[in-house]
Protein chains: 2
Amino acid sequence: MMVSRKRDLKNRLQSAGRPREFDESEVLDKVMTLFWQQGYEGTSLQNILSASGLTKGSVYKAFGSKHNLYIKSLERYEALHVDRAVAALIGEGAPLMRLDDFLSVPILGTKAAGGVDGCFLCNASADRACMDAEARALVQRGYEKMSRALEAVISQIRMDWPPEKVNQSAQMMLSVYSGLQIMSRAGQSREQLQSAKNAAMAAMGRGGIGFI
Amino acid sequence: MMVSRKRDLKNRLQSAGRPREFDESEVLDKVMTLFWQQGYEGTSLQNILSASGLTKGSVYKAFGSKHNLYIKSLERYEALHVDRAVAALIGEGAPLMRLDDFLSVPILGTKAAGGVDGCFLCNASADRACMDAEARALVQRGYEKMSRALEAVISQIRMDWPPEKVNQSAQMMLSVYSGLQIMSRAGQSREQLQSAKNAAMAAMGRGGIGFI
DNA sequence: TTGATTTTAGACCATTTGGTCTATAATTGG
DNA sequence: CCAATTATAGACCAAATGGTCTAAAATCAA
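Let me sum up the structure you'll find in this document.

Remarks on the environment of Ser52 of chain A
Residue and element names in this part refer to chain A.
Part 1 of the reasoning: Structurally, the position occupied by Ser52 is in helix H2 (residues 45-52).
Part 2 of the reasoning: Separated by 22 residues in the primary sequence, Ser52 and Lys30 have C-alpha atoms spaced 6.5 Å apart.
Part 3 of the reasoning: Residues in contact with Ser52, not counting those within four places in the same chain, are Val27, Lys30 and Val31.

Pasting the structure below:
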């Protein structure tokens, strides 16, 4: 047959042939959850097939490889969770409250009866980032986004602070956030995490971070 | 033969039979490094055999299972690294400097050319703690030790602070530490980590953590 | 209807997984 | 030297791994 006469101008959305029986985003959400909870090596193809209800053929046709599925999952996490957190940080309401809410996420996400997801970026940092450049770039981009948003709120909270001080505080808040997420995965109690958050918030109060 | 007449009173160190050809602690150190760097599922038995130079028979005779090897690795990490960090925290010198040194570990450990180990406790938090109660208990014990040591230094730095404030600050410092370790695994730049540390240290300075 | 195109189901594959078992080697106490 | 004991090497194993491939099914354009 002729090559590539196919549809240069028609610009259709639905190509010919049998249509997909699944929603790609829906499947990706389920797979993302698996990688998020169990890590890359901890999630087997079988896990993925069971959770998605698909068969190997469909998965490999649609996503190509396990690794690509992981990268796509990270991207989806960024779009779904990081961007939402960022929007909340730079959104409406008292800036101090917005920062507090941001640091509360790791604490509220903590379920008493085990099974804490934490933050996919933080988990991926430990799990894959140091051995997978593509994953690392995505994780860094996520941190970068949160870092910028933190700078924005903090500069609203402490309008008297110079940019340098705002930047350092934002980096500290990001560290606190990551630390809380990681420690929540380890089952640290809500009280302990709460204490950490309180001290971090207190550093933003009157007196604030007093350079030594 | 008779049961358990073996050596109730002799109390010998070396039992009869062929002696070990390897040093158990040495092997454990190598295995610990593998689990630390690659995680539980990311480390195969083959990895372990190659790194230790042992064969399956010896490994299983000496350690029983991969899982047990992981637990032993966590214990060894606690004895080797956590206890050392704790000792340094409550040791000699200016307390403010000791705290600074503690938070510098994640930054100095960062090698420019990838391959950052981070902290085994933090990695294990993301990797295994939420699906392995034994591992979780060890991780929590490690955090607990560091937390107590942090309280000790902080109470030396700010003798005017009430215990509650000291405790909250210690929890925050532990979060910052964990966050730095995790973000260093993701390849965050030394400058970024340094900024976070600076802000955290600043919170201990004059004015300190000013409750809102 | 027919031909082209695409997805699906699942058989199939080589490799690797964690783990066991046995024969042999190396030691000690007697 | 001999019996008992322990460690080593590596053959062996069933199950699981990530991945490929083919035949059938489902759709659309002509």
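A closer look at the interface of chain A and chain B
Part 1 of the reasoning: Contacts between the two partners involve 53 residues from chain A and, on the opposite side, 53 residues from chain B.
Part 2 of the reasoning: Secondary-structure elements contributing two or more residues to the side of chain A that touches chain B are helix H6 (120-127), helix H7 (133-157), helix H8 (163-185) and helix H9 (190-202) of chain A.
Part 3 of the reasoning: By residue number, the principal contributor to the side of chain A that touches chain B is H8 of chain A, which donates 15 residues.

So, the protein's contact with DNA strand C
Part 1 of the reasoning: Surrounding DNA strand C, one finds 28 residues, the nearest of these being Gly17, Arg18 and Gly57 of chain A together with Ser44 and Leu45 of chain B.
Part 2 of the reasoning: When contributions to the surface near DNA strand C are tallied by element, the ones reaching two or more residues are helix H3 (56-63) of chain A together with helix H2 (45-52), helix H3 (56-63) and helix H4 (66-89) of chain B.
Part 3 of the reasoning: The element contributing the most residues to the surface near DNA strand C is H3 of chain A, with four residues.

What about the environment of Met201 of chain B?
Residues and elements named next belong to chain B.
Part 1 of the reasoning: Position of Met201 among the secondary structure elements: in helix H9 (residues 190-202).
Part 2 of the reasoning: Assessed through the 21 C-beta atoms surrounding it within 10 Å, Met201 is described here as buried.
Part 3 of the reasoning: Between the C-alpha atom of Met201 and that of Leu45, which follows or precedes it by 156 residues, the distance is 42 Å.

What to know about the relation of the copies chain A and chain B
Part 1 of the reasoning: Once chain A has been moved 0.0 Å along the axis and rotated by 180°, it coincides with chain B to within an RMSD of 0.0 Å. Taken together, these values place the two copies in the relation of a two-fold axis. If distances are taken from each C-alpha of chain A to the rotation axis, the shortest is found for Gly179 of chain A, at 1.9 Å.

Remarks on the protein's contact with DNA strand D
Part 1 of the reasoning: In the neighbourhood of DNA strand D, 29 residues make up the surrounding shell, with Ser44 and Leu45 of chain A together with Gly17, Arg18 and Gly57 of chain B lying closest.
Part 2 of the reasoning: Ranked by residues supplied to the surface near DNA strand D, first place goes to H3 of chain B with five residues.
Part 3 of the reasoning: For the surface near DNA strand D, a count of residues per class yields 10 nonpolar, 11 polar and eight charged.

A word on the packing of H4 of chain B against helix H7 (residues 133-157) of chain B
Residues and elements named next belong to chain B.
Part 1 of the reasoning: At their nearest, the axes of H4 and H7 sit 10 Å apart, and the two run at 0° to each other. Here H7 runs roughly parallel to H4, going by the angle between their axes. On the side of H4, the interface is formed by Tyr70, Ile71, Leu74, Glu75, Glu78, Val82, Ala85, Val86 and Leu89, while H7 contributes Glu134, Ala135, Leu138, Arg141, Gly142, Lys145, Met146, Ala149, Leu150, Ala152 and Val153.
Part 2 of the reasoning: Residue classes in the contact of H4 with H7 are distributed as 14 nonpolar, one polar and five charged.

So, how was this worked out
- Residues numbered from 1 in each chain as written.
- Chains lettered and ligands numbered in written order.
- Predicted model: local features only at pLDDT ≥ 70, side-chain atom pairs only at ≥ 80, totals over all residues.
- Helix = DSSP H or I, 4+ residues; strand = E, 2+ residues; numbered from the N terminus.
- Contact = placed C-beta atoms within 7 Å.
- Near = placed C-beta within 6 Å.
- Buried ≥ 20, exposed ≤ 12 C-beta atoms within 10 Å, placed from the backbone.
- Least-squares fit on C-alpha atoms with pLDDT ≥ 70 in both.
- Nonpolar A, V, L, I, M, F, W, Y, C, P; charged D, E, K, R; others polar.
- Axes fitted to C-alpha atoms, helices over the stretch in contact; angles between N-to-C directions.
- Parallel < 35°, antiparallel > 145°, perpendicular 65-115°, else oblique.

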